[in-house]
Amino acid sequence: IRTLQELCAVVAEFGESQHRYLHLSCHGGVNSDNEMVGLVLTTDRISNDDLVKLLAPHMAGRRLFLSSCLAARSTLATKLLERSDCLSVLAPVGSINFDDAAVFWTAFYHLMFKKRAHAMSNAEIEATVEICAALVNERFRLFFRKNGKVKNVTIGPLKKPKK
């Protein structure tokens, strides 16, 4: 997705489809505190608030997977879960290299669909992320609703500090 117009078209098409999961792979736009404040497309940007407004009408009973650096360090997932009937959001906690993201998401989807092709539970997602996150030494955060409140769990190995 290169432009905001393309993003809007993809989200609208997703909303009209029977697909259960939306996967967005974009760069995370960060502020001076290294918090993700939106997504960076090839030629445009979209803030977390505007992305929530765009996604919320289309996420009832569905899940969002974000392959964007620092996506779990933003308000995006919490706001989306508060303002829609989205089931869950899964995103990386830190900056993730493209090759690591490719390995993680390929393994994640392979294992999830091998277990059960037509459904996912938060417990199954959490267990599968634990396996896949270990492959790439990255941490992920799963956001979901429990007892009417947005909760999250951080999954994956504690990374060794960079030298």
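Before going into details, it helps to say that this report is about the structure given with it. (Residues numbered from 1 in each chain as written. Predicted model: local features only at pLDDT ≥ 70, side-chain atom pairs only at ≥ 80, totals over all residues. Heavy atoms only, no water.)

### Brief notes about the pattern of salt bridges
All told, the structure shown has four salt bridges when counted by the stated rule. Glutamate 6 serves as the salt-bridge partner of arginine 2, at 2.5 Å between the closest nitrogen and oxygen. On the basis of relative accessibility, which here comes to 23%, the residue glutamate 6 falls in the partly exposed class. With a closest N to O distance of 2.5 Å, aspartate 49 and lysine 79 form a salt bridge. Placement of aspartate 49 in helix α2 (residues 48–55) and of lysine 79 in helix α3 (residues 76–83) is noted, with a sequence separation of 30 residues between them. (Salt bridge = Lys/Arg side-chain N within 4 Å of Asp/Glu carboxyl O. Buried < 20%, exposed > 50% of the residue type's maximum accessible area, 1.4 Å probe, protein only. Helix = DSSP H or I, 4+ residues; strand = E, 2+ residues; numbered from the N terminus.)

### Thoughts on the sheet that holds strand β1 (residues 21–25)
An order of β1-β5-β6-β7-β8 is seen for the five strands of this open sheet, with the pairing classed as mixed. Two strands bound the open sheet, and with one partner strand each, they are β1 and β8 (149–155). If you compare each strand with its neighbour and ignore which way they point, the axes differ by 15 degrees on average. With three bridges joining them, strand β5 (residues 63–67) and strand β6 (residues 88–92) adopt parallel strand pairing. Bridged to arginine 63 within β6 is serine 88. Against the sheet, helix α4 (residues 98–115) contacts β1, β5, β6 and β7 (140–146), and its axis sits at roughly 155 degrees relative to β5. (Pairing = 2+ DSSP bridges. Axes fitted to C-alpha atoms, helices over the stretch in contact; angles between N-to-C directions. Contact = heavy atoms within 4.5 Å.)

### What to know about helix α1 (residues 4–16)
With 13 residues, α1 should reach 18 Å at 1.5 Å per residue; the first-to-last C-alpha distance of 19 Å fits that figure. Among the structural elements, β1, β4 (45–47) and α2 are those in contact with the buried residues of α1. (Expected span 1.5 Å × (residues − 1).)

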